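# Breakdown of the fold
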There are 2 protein chains.
Amino acid sequence: MNMIYVVGIGPGKESAMTAEARQAMEASDVIIGYSKYVELVRPYFSDKAYLDTGMRKEADRCRMAFEQASSGKTVSLVCSGDAGIYGMAGLIYELSPSWPETEIVVVPGITAAISGGACLGAPIGHDFAVISLSDLLTPWDLIEKRLKYAAMGDFNIALYNPSSHKRHDYLQKACDILLTVHSGDLICGYVQNIGREGEKAVVLTLSELRNTQVDMFTTVFIGSTRTKVIGGKMVTPRGYRDV
Amino acid sequence: MNMIYVVGIGPGKESAMTAEARQAMEASDVIIGYSKYVELVRPYFSDKAYLDTGMRKEADRCRMAFEQASSGKTVSLVCSGDAGIYGMAGLIYELSPSWPETEIVVVPGITAAISGGACLGAPIGHDFAVISLSDLLTPWDLIEKRLKYAAMGDFNIALYNPSSHKRHDYLQKACDILLTVHSGDLICGYVQNIGREGEKAVVLTLSELRNTQVDMFTTVFIGSTRTKVIGGKMVTPRGYRDV
């Protein structure tokens, strides 16, 4: 059977991979991914063939995976974080009708809302939303709408892709929308280089976040009105009753 | 140093645990948790001491962890799924000011939105919200508000705790709220017994979901207007442009 594993490798360090993710890569002949992610796993599976592509070549990468699988090879298509959340699993399924003989297995991984959350404390301990600020594939007005409704619902929010070279002011714009609903004192946080060298977690207010420049390797956390700072950690209680 | 690891063990099967979670439990003298979760890890770490409590005894479990740590033992407090998302990490931090000498490390795990998502295909491939339908610790009117705003923002939604003995009609009530915003044809899904014996994934419409009775071991997925069914899988594309 032709086989593609779509593998979430987590934040990058080996200890944050699941056994299932390791086993999928070990069972594969070829590992395919965005060049940066391929470099993260190559040290652990040095005997595999590797194929990589640059950013924004997601559909090419998926077709490459189907072609390799069709030639009889077992393939792991690797994604940072989870395989499903802004990952390649959806795209693989979208292209799958052209390759009906290929079996697809999605192997979940630790997404940045979870790995970054653990660095900050417990920022998403209750109902939460995950929103990407990248408008490469999503209209900006829909992103704005989601920010507003998530704030109105008093959700904790994890913001992915908060910045890039071309979008250096997107986090600021997002904070301005959140500030139409929330007070500037709302507890927020961000984590840079999760699970990698240079990992850094910062807790700050929404007003302070609005005036902070973060890079593209950052995940941002917006509190709910219940979120507090305890011993320097960002903590959202899991309920609305006192301990 | 007194040490508590708050460990997300994922859905339960060993292969879905991270290496970090395994290492934390291996390094521990005592493993503490809700009795059901303790039973899931006991076979893999048979030489440890175990302490368990029943449901709704979360604060007792945390105090037990601090007491054991204070007596010089290294403790793993285990949570199903992730340690932060509706987990014990928040509660441990809330109680931590009374036990200042104890170090706390949160070890993330695969939450049901991710593990269940992999079973269904790619249901949360784009912006999403996670909402618990349990009103034990959250007022029902806030849950209703969040359901409404999540639907208005066209988020994918993962619903946790969709049912219990006392709340057999909560999923139905939630669907009725979603149906004030979405059409009955919206693609939805649910997964039972994720990663355990009897795992079952079902794709259906919102109207059909409204008339379905699920049990407490179920995670429910609500599509966005972009979600589709491809080869029996529930798939939300990661962008708003065609492949």
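The model shown is predicted, which means the values in this text are computed figures rather than measured ones.

So, how was this worked out
Residues numbered from 1 in each chain as written. Chains lettered and ligands numbered in written order. Predicted model: local features only at pLDDT ≥ 70, side-chain atom pairs only at ≥ 80, totals over all residues. Heavy atoms only, no water. Least-squares fit on C-alpha atoms with pLDDT ≥ 70 in both. Contact = heavy atoms within 4.5 Å. Helix = DSSP H or I, 4+ residues; strand = E, 2+ residues; numbered from the N terminus. Buried < 20%, exposed > 50% of the residue type's maximum accessible area, 1.4 Å probe, protein only. Core = buried A, V, L, I, M, F, W, Y, C linked by side-chain atoms within 4.5 Å. Domains from an automatic or database assignment. Buried area = accessible area lost by both parts, 1.4 Å probe. Salt bridge = Lys/Arg side-chain N within 4 Å of Asp/Glu carboxyl O. Polar contact = N/O pair within 3.5 Å; in protein donor to acceptor, adjacent residues only side chain to side chain. Nonpolar A, V, L, I, M, F, W, Y, C, P; charged D, E, K, R; others polar. Pairing = 2+ DSSP bridges. Axes fitted to C-alpha atoms, helices over the stretch in contact; angles between N-to-C directions. Parallel < 35°, antiparallel > 145°, perpendicular 65-115°, else oblique. Phe/Tyr/Trp six-rings, centres within 6.5 Å; stacked < 30°, edge-to-face > 60°. Lys NZ or Arg CZ within 6 Å of the ring centre and 35° of its normal. Left-handed = near helix turned anticlockwise from the far one by under 90°. Right-handed = clockwise from strand over helix to strand, strands pointing away.

## Remarks on the relation of the copies chain B and chain A
- Between chain B and chain A, the superposition needs a rotation of 180 degrees and an axial shift of 0.0 Å, giving an RMSD of 0.0 Å. One copy is carried onto the other by what is essentially a two-fold rotation axis.
- Of the residues that chain B buries at the interface, 100% are likewise interface residues in chain A, meaning the two copies contact each other through the same surface.

## Remarks on unusual backbone geometry
All names here are of chain A.
- With phi around 55 degrees, aspartate 154 is a residue other than glycine that occupies positive phi space.
- Considering the arrangement of structural elements, one finds aspartate 154 in the loop between α6 (140-152) and β8 (156-160).
- The class of aspartate 154 is buried, set by a relative accessible area of 10%.

## Observations regarding the nonpolar core
- Counting residues in each nonpolar core, the largest one holds 54 residues, and the members touching the most others are Leu209 and Ile222 of chain A together with Leu209 and Ile222 of chain B.
- Sequence-distant contacts of isoleucine 222 of chain A, defined by excluding residues within four places in its chain, comprise Asn156, Ile157, Leu159, Leu178, Leu186, Ile187, Cys188, Leu206, Leu209 and Met234 of chain A.
- If you look at the next biggest cluster of nonpolar residues, it comprises 36 residues, including Ala113 and Ile187 of chain A together with Cys119 and Phe221 of chain B.

## Overview of the domain arrangement of chain A
All names here are of chain A.
- Each assigned domain of chain A is listed with its residue range as follows: domain 1 (2-110) and domain 2 (113-235).
- For domain 1 versus domain 2, the separation of C-alpha centres amounts to 28 Å.
- Facing nine residues of domain 1, the contacting portion of domain 2 comprises 12 residues.
- Both sides of the domain 1 and domain 2 interface together cover about 890 Å² of buried area, and 64% of this is carbon and sulfur.
- Applying the counting criterion to the domain 1 and domain 2 interface returns zero salt bridges.
- Our enumeration of links across domain 1 and domain 2 arrives at three residue pairs in polar contact (both at pLDDT 80 or more).
- Of the residues belonging to the side of domain 1 that touches domain 2, the class tally is six nonpolar, no polar and three charged.

## Description of the interface of chain B and chain A
- Counting from both sides, the interface comprises 67 residues of chain B and, opposite them, 67 residues of chain A.
- There are eight salt bridges connecting chain B and chain A.
- Between glutamate 58 of chain B and arginine 238 of chain A there is a salt bridge, with the nearest N and O atoms lying 3.5 Å from each other.
- Here chain B and chain A share 32 residue pairs in polar contact (both at pLDDT 80 or more) between them.
- In the side of chain B that touches chain A, the residues fall into 35 nonpolar, 17 polar and 15 charged.
- By the bridge criterion, three bridges tie strand β7 (residues 128-132) of chain A to strand β7 (residues 128-132) of chain B in an arrangement that is antiparallel. When the bridges of β7 of chain B are listed, valine 130 of chain A appears paired with phenylalanine 128 of chain B.

## So, the sheet that holds β8 of chain A
- Spatially, 10 strands are ordered β10(A)-β9(A)-β11(A)-β8(A)-β7(A)-β7(B)-β8(B)-β11(B)-β9(B)-β10(B) in an open sheet, and the strand pairing comes out mixed. Where the open sheet ends on each side, the last strands, each with one partner, are β10 (200-205) of chain A together with β10 (200-205) of chain B. Strand-to-strand, the axes of this sheet are offset by a mean angle of 15 degrees, without reference to chain direction.
- As defined by bridge partners, strand β9 (residues 187-192) of chain B adjoins β10 of chain B across six bridges and the pair is classed as antiparallel.

## Overview of the sheet that holds strand β2 (residues 30-34) of chain A
Residues and elements named next belong to chain A.
- Taken in spatial order, the five strands of this open sheet run β3-β2-β4-β1-β5, and their pairing is parallel. The sheet is open, and its two borders are formed by β3 (49-53) and β5 (102-107), each paired with just one other strand. Each neighbouring strand pair of the sheet contributes to a mean axis angle of 20 degrees, computed without reference to strand direction.
- In this structure, strand β1 (residues 2-8) lies alongside strand β4 (residues 74-79), joined through six bridges in parallel fashion. Following the sheet pairing, methionine 3 is matched in β4 by threonine 74.
- Strands in contact with helix α3 (residues 58-70) are β1, β2, β3, β4 and β5; relative to β2, the strand with the most contacts, it is inclined by about 175 degrees.

## Some points on the packing of α6 of chain A against helix α6 (residues 140-152) of chain B
- At a minimum axis separation of 9 Å, α6 of chain A and α6 of chain B run at an interaxial angle of 180 degrees. With respect to their mutual orientation, α6 of chain A and α6 of chain B come out roughly antiparallel. Touching Lys145, Tyr149 and Met152 of chain A of α6 of chain A are Lys145, Tyr149 and Met152 of chain B, all from α6 of chain B.
- Of the residues in the contact of α6 of chain A with α6 of chain B, the class split is four nonpolar, no polar and two charged.

## Here's the deal with the packing of aromatic side chains
- Summed over the entire model, instances satisfying the criterion amount to 10 aromatic pairs over all chains.
- Their ring planes at 85 degrees and their centres at 5.1 Å tell us that tyrosine 34 of chain A and tyrosine 37 of chain A sit as a pair that is edge-to-face.
- Tyrosine 34 of chain A sits in the buried class, given a relative accessible area of 16%.
- Directly above the ring of phenylalanine 155 of chain B sits arginine 146 of chain A, whose terminal nitrogen or CZ lies 5.6 Å from the centroid.

## Re the packing of α6 of chain A against helix α7 (residues 170-178) of chain A
Residue and element names in this part refer to chain A.
- Interaxial distance between α6 and α7 falls to 9 Å at its minimum, and their mutual angle equals 45 degrees. The pairing of α6 with α7 is recorded here as oblique in orientation. Viewed along their axes, α6 and α7 form a crossing whose handedness is right-handed. On α7, the residues that touch Trp140, Glu144, Leu147, Lys148 and Ala151 of α6 are Tyr170, Lys173, Ala174, Ile177 and Leu178.
- Broken down by class, the residue content of the contact of α6 with α7 amounts to seven nonpolar, no polar and three charged.

## Side note on the pairing of β8 of chain A
Residues and elements named next belong to chain A.
- Counted residue by residue, β8 has five buried out of five residues, so it is predominantly covered.
- The alternating pattern of β8 places Asn156, Ala158 and Tyr160 and Ile157 and Leu159 on opposite faces, both of which are buried.
- Once the chain exits β7 it traverses α6 before rejoining the sheet at β8, and the crossover so formed is right-handed.

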